[in-house]
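Residue strings, one per chain:
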Amino acid sequence: MIQFLASIGRAVMAALAKVGSVALFALETISHLFRPPFYGREFWHALIQIGWLSLPVVGLTAFFTGGALALQIFAGGSRYGAEAVVPSIVAIGMVRELGPVLGGLMVAARVASSIAAEIGTMKVTEQIDALVTLSTHPMKYLTLPRVLAATLAVPVLVAVGDSVGIMGGYLVGVGRLDFNAATYLKNTVDFLEPWDITSGLFKGAAFGFIVATMGCYHGMQSGRGAQGVGAATKSAVVSASVLIFAANYILTELFFAA
């Protein structure tokens, strides 16, 4: 029994140590935002990689999700004679929940793995040590531009994904479910409130911060060799995805209370 309790205690302490390490890493990243120098070239490069090049996968995911959501809501609503709620529920479901979460997950799959692999490879090949030798802080040069770019880019991706997802629901509703086009659009616009859209964008910023932070953290913690880089890449995607779901629930509770 003592050995069993000791193993649980070691696991809990290891988990708390990991949480503390990630929190300190995030705080150090934020602190560099207020201290010069700022590497603008790295920031713009990260902004293109994270934002612009993620548009296709986020757009396609949102489009098909909006279409499937319209079909599912119609199927459920038709049992109670409530087919008219399809435009409203598709709109609020996309902007408050599915748009931010699916956008964050797609960015996590694409960006967190890329960042972790890139920084992990730099660590293995001692390029990070070379930065220190050149009096360049690795956190300021590698982490801050990527975290800042993701925090700013993901809300834009979420906004685009929301629009494309609602359009997917519209096309399915009009072309497949025989909704009137003007009525569908009117119900969508009338039902949405500014806070619905704003809350989803806030979630996008938080998810972008999480994705880039996890990618950079696990890249910096990468072990030696190809196996270490692969493990860091896997850990970055898994931890970013889990934290996105956890943060989504916490933010939803806060927005619901507000």
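As shown above, the structure is provided for reference.
Reading guide: rules and limits
- Residues numbered from 1 in each chain as written.
- Predicted model: local features only at pLDDT ≥ 70, side-chain atom pairs only at ≥ 80, totals over all residues.
- Heavy atoms only, no water.
- Helix = DSSP H or I, 4+ residues; strand = E, 2+ residues; numbered from the N terminus.
- Buried < 20%, exposed > 50% of the residue type's maximum accessible area, 1.4 Å probe, protein only.
- Areas by Shrake-Rupley, 256 points an atom, 1.4 Å probe, with all protein chains shown as cover.
- Lys, Arg positive; Asp, Glu negative; His and termini not counted.
- Charge placed at Lys NZ, Arg CZ, Asp CG, Glu CD.
- Salt bridge = Lys/Arg side-chain N within 4 Å of Asp/Glu carboxyl O.
- Phe/Tyr/Trp six-rings, centres within 6.5 Å; stacked < 30°, edge-to-face > 60°.
- Contact = heavy atoms within 4.5 Å.
- Axes fitted to C-alpha atoms, helices over the stretch in contact; angles between N-to-C directions.
- Parallel < 35°, antiparallel > 145°, perpendicular 65-115°, else oblique.
- Left-handed = near helix turned anticlockwise from the far one by under 90°.
- Nonpolar A, V, L, I, M, F, W, Y, C, P; charged D, E, K, R; others polar.
- Polar contact = N/O pair within 3.5 Å; in protein donor to acceptor, adjacent residues only side chain to side chain.
- Core = buried A, V, L, I, M, F, W, Y, C linked by side-chain atoms within 4.5 Å.

Engineer: An account of the overall build of the protein chain is requested, with residue identities and associated values reported.
Structural biologist: A count of helical and extended segments in the protein chain gives nine helices and zero strands. In the protein chain, the succession of α and β elements from N to C terminus is α-α-α-α-α-α-α-α-α. In terms of overall dimensions, the protein chain has a C-alpha envelope of 65 × 55 × 35 Å along the principal axes. Counting over 258 residues, the protein chain shows a buried share of 43%. For the protein chain, the accessible surface area stands at approximately 13,500 Å², while carbon and sulfur atoms represent 71% of it. Of note, the protein chain has its 15 positive side-chain charges centred 9 Å away from the centre of its 13 negative side-chain charges.

Engineer: Lay out the pattern of salt bridges with the relevant residues and their values.
Structural biologist: Taken as a whole and judged by the stated rule, the model has four salt bridges. Among the salt bridges present, the one from arginine 146 reaches glutamate 118, with a minimum N-O distance of 3.0 Å. Of this pair, arginine 146 sits in helix α6 (residues 138-175) while glutamate 118 sits in helix α4 (residues 86-124), and the two are 28 residues apart along the sequence. With relative accessibility at 37%, the residue glutamate 118 sits in the partly exposed group.

Engineer: Requested: an account of the packing of aromatic side chains, with residues and values cited.
Structural biologist: Counting across every chain of the model gives eleven aromatic pairs. Between phenylalanine 179 and tyrosine 184, the aromatic rings sit 5.8 Å apart at their centres with planes inclined by 85 degrees, giving edge-to-face as the arrangement. Phenylalanine 179 sits in the buried class, given a relative accessible area of 17%. Summarising the aromatic geometry, the rings of tryptophan 195 and phenylalanine 255 are spaced 5.2 Å apart at their centres and angled 90 degrees between planes, so their arrangement reads as edge-to-face. Of this pair, tryptophan 195 sits in helix α8 (residues 194-220) while phenylalanine 255 is found in helix α9 (residues 225-257), placing the two residues 60 residues apart along the sequence. Tryptophan 195 sits in the partly exposed class, given a relative accessible area of 34%. The buried category is assigned to phenylalanine 255, whose relative accessible area is 14%.

Engineer: Describe in detail the environment of leucine 192, supporting the description with residues and values.
Structural biologist: Along the chain, leucine 192 turns up in the loop between α7 (181-191) and α8. The class for leucine 192 is buried, based on a relative accessible area of 18%. Sequence separation of leucine 192 and tyrosine 217 is 25 residues, and the distance between their C-alpha atoms is 37 Å. Excluding anything up to four places from it in sequence, leucine 192 contacts Ala91, Ile92, Val95 and Ile166.

Engineer: If you had to explain the packing of helix α2 (residues 40-50) against α6 to someone new, which residues and values would you point to?
Structural biologist: Each pair of packed helices gets described by two things: the angle between the helix axes and the distance between those axes. Look at α2 against α6: their axes get within 8 Å of each other, and the N-to-C directions meet at 40 degrees. Accordingly, the angle class assigned to the pair α2 and α6 is oblique. The chirality of how α2 crosses α6 is right-handed. Contacts from Glu42, Phe43, Ala46, Leu47 and Ile50 in α2 reach Tyr141, Pro145, Arg146, Leu148, Ala149, Ala150, Leu152, Ala153 and Leu157 in α6. Residue composition of the contact of α2 with α6, grouped by class: twelve nonpolar, no polar and two charged.

Engineer: Provide a residue-level description of the side chain of serine 199, including the pertinent values.
Structural biologist: Mapped onto the elements of the fold, serine 199 is located in helix α8. Only 2.9 Å separates the side chain of serine 199 from the backbone oxygen of aspartate 196, close enough to count as a polar contact. With near-sequence residues (within four places) excluded, serine 199 lies in contact with Arg96 and Phe255.

Engineer: I'd like a rundown of the nonpolar core, residues and numbers included.
Structural biologist: If you look at the biggest cluster of nonpolar residues, it comprises 39 residues, and the most contacted ones within it are Ile50, Val107, Ile119, Leu142, Val211 and Ile244. Contributing elements (two or more residues each) for this core: α1 (2-31), α2, α4, α5 (127-133), α6, α8 and α9. The contacts of isoleucine 50, once residues within four sequence positions are left out, are Val107, Arg110, Val111, Arg146, Ala149, Ala150, Ala153 and Leu157. In terms of nonpolar packing, the next biggest core, distinct from the first, is built from 16 residues, Val90, Ile166, Val172 and Tyr184 among them.

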